[in-house]
Amino acid sequence: MALFPHLRLVLAVLLVCAWNLTLADTPTITITDSSPIQSQFQYVEDASGQADVSDVMALPDSQWQLIPDGSANFGITKSPYWLRLSINNQTPMNLNLIAALDYSQLDDVVFYVFMGKKQIHTFATGDTRPFYPREVDHPNMQLRFNLEAEQTKTLYIRIQTNGSMILPFQIWRENNYFAATAKEQKLHFFYYGCLTVIILINLAVFLTLREKLYLYYALAIAGYLLFFTSILGYSFQHLYPQSPTIHGRALLVSMPILAFFSVLFCREFLKTKSHSPKLDLTLRALLYFEIFNFFSALLFGYNTAIMISAISAFFFFSILFAAGPITWMTGSRAGAFFTIAWSPLTIGVLATAGRSVGFFPENFVTQYAMQIGSGLEAFILTLALADRLYREREEKIQAQSDSLRKEKARHEAHNKLTDAMLHDPITQLPNRNQFEWVVNQQLERDPNGHYIVGVARVTRIDEVNRTLGLTRSERLLDRIAKKMTELATQLPGIHSVYDSVGREEWVYQLSGDCFGILINANDIGDQFSHLDKLLKRLSEPVLMDSLAIELHPKFGAASYPVHGDNAALLIRNAHVGMEIAPHGRQEAGVYSPDYDIYSESRLTLMSDLREALLQNQTQLYYQPKACLIDGDIIGLEALIRWHHPERGWVYPNDFIPLAEETGVITQLTRWAFERAISDLASLLGDYPKLNVSINISARDLDSGGLNELIKSSLNRHNVKAERLIVELTETAVMENPKNGLVVLKELTDSGLRVSIDDFGSGYSSLSYLKELPATEIKLDRSLVMDICTSDSARIIVETTINMAHSLGYKLVAEGVEDEDTARLLKHMGCDYLQGYWLCRPIPLTELTQWLTSQQAILKS
């Protein structure tokens, strides 16, 4: 009896060895790092269908066959298949894993999990069971399990299905699986979203046009949507998870619905009744068969219904594949579209069928071939419907056009009479009355718009008339009118109307030698270069009777609503603008009340300014300029102020432009130099570092004698030339570059310094700026004010500072209004600053006190 315990021990050891040998022959997936897991498994077919897990575990290794890539397709079979594999965790961490059979059409799947010989978990699923509970909320068959470090588990999986035995098996890390599944589902729902949009668009067209073609197409696409959501398991998951029977029938029902409405669409789209009566008869027979298929899917047994559905699918795809070429050969444009559209769907169906029976391998193309094909088919047929809709609308539009043309012919006599009243008899251009009516109508129609009234006057018409005679003068006017019309058609934003006989009109003849146009300023913005180019072309000589006649045209413009709110006022102001020499780079003179020579207020104001200069009633205010390096106040900018005895304070913006236009600016500049140099001389004793900046204009550069005036004043007050800085804008110099550079060179040769004011607010030209004999650049406040809150503004200012330093200039920042801006400018390397944070412009009487008490601010 004592031998039996020893015998039992030996048998136990032998059984453990046999088990270990069995594990050794089971394909083991070893996980050693974070790289993707290479899945593999062994399988065996259970032909009897009666084996349980213990029977399968007892099978010899020779009966198991290896699938090294983890994916198998056994075609249509009723036999259950068993899979086995082991997973070994060689990492130092616990792993959450998912074993996934990524095919939703498996009827019954049971997962068995063993650790050693002990069965630790069993999970049954499949689309013949209720969807929930599932260990992973997904239509495919999946098992969740974990592996501790250095742990091995073995999986046995029993699979049985009435359909195709497609087994794409993969072991996933849990986080990787959900990331990959999320990407896949995005593609699925993008596809479903596209189909839904196509359905909604076609339903909208149907409700608008009441054409059943679009309803049939929407319902056919809805059939595709139902079919794919059923076959991929999403409808089972979300709509009836506890009803696997409904799930099976929904898939069967989706096919006849898809086919029925596709056939209806095909008949309507291809117009088979007229193009091919035999084909139409075949399609009608197919409709009846699909009705039978629909009821068989609801009433017959599952296997019988599957067989009928398969027969239906064969005839459905075959007949519709042939329908396109048949109607195409009859000359139908729709037949070509249908053939092209149905081809990718047919290829997709063949690929899917080949995958189901095991003829094609399991891969992305065969898995999604039918979805790709149906998507292409839907897209192409949508284009075809759009083409059809476009052609039908074109035919209706053409019919309406013919009706309108007949209606217009009945009013031709009336239109001719109206045309004679509203057009010039020589040029046939609409006259001033018509122009005023068009402008006023447009302003009433768009009161919040922005428009420009432009006028052009040919100044030599009277001379031509006296020299060449009335007949040739009229011929010249007619040629000018045609040229203006040709150029106007090329102008962006030009406003045109059609007259009573359908002619489009752009240009209007306001008088014998004056023409007008209306422009939508919102369409051209600030880009006037195209307009300038056309105006220059209009200024070119006109050839007539071998004579090149110079026209000498003048151009003017007025803007709505700034310069007027009605046509008469805008035309008047455009004429005033025509009399103004162009200011800036535009060819046309733009109206400005500041330059209105017919303004009584303007003429009186300039007379008062001359009197104020003679009576020494103008004043200079000074705005200090500080050095950001040491905090010293190193300069002052002299600013003119004028207190009118009747009008009170007159802003510089109100009288400086008028002074430049009338020439009073030269008198004003001479007064400013004399007063500023005198004030500087009184300050230098206590503040020897100070300099003073005085602004000059383009008129000052052209007036002559400026250099001698400054030298005389400096000598008289015993002030050195380097204490005086002349400020001017870059655009002022660019009005007459050649003369301006000469004058500036003379000033700098005498010791004065030159500063470029308002840099960055105009046409900053680096190629021209480098030629100016300047030592200082003043950065316009519009660039400085946002540098603490705007990254782009800060980058622009910092780049400008670096550029100025590289060119040898000092840089002054204007308009500094807070300490944060000042500190940031100092950090950027800016040299000087001025602005309200430092000090507002103040008169000389207050300046001395400020210099004494406030200079310590920047040194703190």
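Details of the structure are given in the entry above.
Residues numbered from 1 in each chain as written. Predicted model: local features only at pLDDT ≥ 70, side-chain atom pairs only at ≥ 80, totals over all residues. Heavy atoms only, no water.

Our focus in this paragraph is the side chain of T800. Locating T800 in the fold gives a position in helix α27 (residues 791-806). Owing to a relative accessible area of 10%, T800 belongs among the buried residues under this scheme. Those residues in contact with T800, other than ones at most four positions away along the chain, are F759, L779 and L811. (Helix = DSSP H or I, 4+ residues; strand = E, 2+ residues; numbered from the N terminus. Buried < 20%, exposed > 50% of the residue type's maximum accessible area, 1.4 Å probe, protein only. Contact = heavy atoms within 4.5 Å.)

Here helix α8 (residues 277-299) is 23 residues long and its end C-alpha atoms lie 34 Å apart, about the 33 Å a rise of 1.5 Å per residue gives. Buried residues along α8 sit against α6 (244-270), α7 (272-275) and α9 (302-329). (Expected span 1.5 Å × (residues − 1).)

Time to look at a nonpolar patch on the surface. Side chains of Y288, I291, F292, F295, L298, L299 and F300 sit close together on the surface and give an oily, nonpolar patch of about 720 Å² of accessible area. For F292, the location among the structural elements is in helix α8. Residue class for F292 comes out partly exposed when judged on its relative accessible area of 40%. (Patch = residues over 30% accessible without salt bridge, like charges linked within 9 Å, V, L, I, M, F, W, Y side chains within 5 Å. Areas by Shrake-Rupley, 256 points an atom, 1.4 Å probe, with all protein chains shown as cover. Salt bridge = Lys/Arg side-chain N within 4 Å of Asp/Glu carboxyl O.)

Quick look at the environment of T852 now. The residue T852 is located in helix α29 (residues 844-854) in this model. In the structure, T852 is positioned 165 residues away from Y687 in sequence and 9.5 Å away in space, judged by C-alpha atoms. For T852, the side chain forms a polar contact with the side chain of Y687, separated by 2.8 Å. (Polar contact = N/O pair within 3.5 Å; in protein donor to acceptor, adjacent residues only side chain to side chain.)

With that settled, consider the packing of helix α4 (residues 212-231) against α6. Viewed as axis vectors pointing N to C, α4 and α6 meet at an angle of 155°, and their least axial separation amounts to 8 Å. The pairing of α4 with α6 is recorded here as roughly antiparallel in orientation. Every pair of crossing elements has a handedness; the one defined by α4 and α6 is left-handed. Across the contact of α4 with α6, the residue classes break down as 18 nonpolar, 5 polar and 2 charged. (Axes fitted to C-alpha atoms, helices over the stretch in contact; angles between N-to-C directions. Parallel < 35°, antiparallel > 145°, perpendicular 65-115°, else oblique. Left-handed = near helix turned anticlockwise from the far one by under 90°. Nonpolar A, V, L, I, M, F, W, Y, C, P; charged D, E, K, R; others polar.)

Our focus in this paragraph is the packing of helix α19 (residues 652-662) against helix α20 (residues 664-683). Packed helix pairs are specified by the crossing angle of their axes together with the interaxial distance, meaning the distance between the axes. For the pair α19 and α20, interaxial distance at closest approach is 5 Å and the crossing angle is 115°. Residues F655, I656, A659, E660 and T662 of α19 form the contact with α20, whose own contacting residues are V664, I665 and L668. Looking at the contact of α19 with α20 residue by residue, the class counts come to 6 nonpolar, 1 polar and 1 charged.

Moving on: the sheet that holds strand β11 (residues 164-173). To summarise the sheet geometry, strands pair through backbone hydrogen bonds and adopt either a parallel or an antiparallel arrangement. An order of β4-β11-β6-β9 is seen for the 4 strands of this open sheet, with the pairing classed as antiparallel. Unpaired on one side and paired on the other, β4 (71-76) and β9 (141-147) mark the two borders of the sheet. Sheet twist, expressed as the mean angle between neighbouring strand axes with direction ignored, is 20°. Relative to β11, strand β6 (residues 95-101) runs antiparallel, the two being bridged by 5 bridges. (Pairing = 2+ DSSP bridges.)

A complete count under the given rule lists 18 salt bridges for this structure. In this structure, D280 engages R267 in a salt bridge whose closest nitrogen and oxygen atoms are separated by 2.7 Å. Linking D280 in helix α8 with R267 in helix α6, this pair joins segments that are 13 residues apart in sequence. Taking the relative accessible area as the measure of exposure, R267 reaches 18% and is therefore buried.

Counting buried positions along strand β24 (residues 691-695) gives 4 out of 5 residues, so the element sits mostly inside the fold. With 4 bridges connecting them, strand β22 (residues 633-644) and β24 associate as parallel partners. Bridging from a neighbouring strand, L636 pairs with V692 of β24. In the sheet, β24 pairs with strand β25 (residues 724-729) via 4 bridges, with the strands oriented parallel. Looking across to β25, one finds that I694 is bridged to V726.

A few words now on α19. Listed in full, the buried residues belonging to α19 are F655, P657, L658 and A659. Directly beyond the C-terminal end of α19, a positive phi value near 90° is found at G663.

The next subject is the packing of aromatic side chains. The geometry of an aromatic ring pair is captured by two quantities: the separation of the ring centres and the angle between the planes. Applying the stated criterion across every chain, the model contains 27 aromatic pairs. Pairing F289 with F292 gives two aromatic rings, centres 6.1 Å apart and planes at 45°, and the pair type is tilted. Taken together, the residues span about one helical turn, with F289 and F292 both in helix α8 at a distance of 3 residues. On the basis of an interplanar angle of 80° and a centroid distance of 6.4 Å, the ring pair of Y621 and W649 is categorised as edge-to-face. With a gap of 28 residues between them, Y621 in strand β21 (residues 618-627) and W649 in strand β23 (residues 648-650) connect regions that are remote in the sequence. We classify Y621 as buried; its relative accessible area is 16%. Among the aromatic side chains, those forming a connected cluster through ring pairs are F189, Y191, Y192, F227, F228 and Y234. (Phe/Tyr/Trp six-rings, centres within 6.5 Å; stacked < 30°, edge-to-face > 60°.)

Leftover empty space is mapped by rolling, across the atoms, a probe with the size of a water molecule. Using the criterion set out here, one finds 5 cavities of 30 Å³ or more in the structure. There is about 50 Å³ of room inside the largest cavity. In terms of lining, the largest cavity is formed by Y217, A220, I221, Y224, S262, F265, L320, F338, W342, E377 and L381. For the lining of the largest cavity, the secondary structure elements donating two or more residues are α4, α6, α10 (333-356) and α11 (364-410). With 4 residues, α4 is the largest single contributor of residues to the lining of the largest cavity. Of the residues contributing to the lining of the largest cavity, the split by class is 9 nonpolar, 1 polar and 1 charged. (1 Å grid on protein atoms, 1.4 Å probe; cavity = no way out; pocket = protein on both sides within 12 Å on 5 of 7 lines; lining within 4 Å. Points joined across faces, edges and corners; volume = space filled by probe spheres on them.)

Any link to function would need more than the numbers given here.
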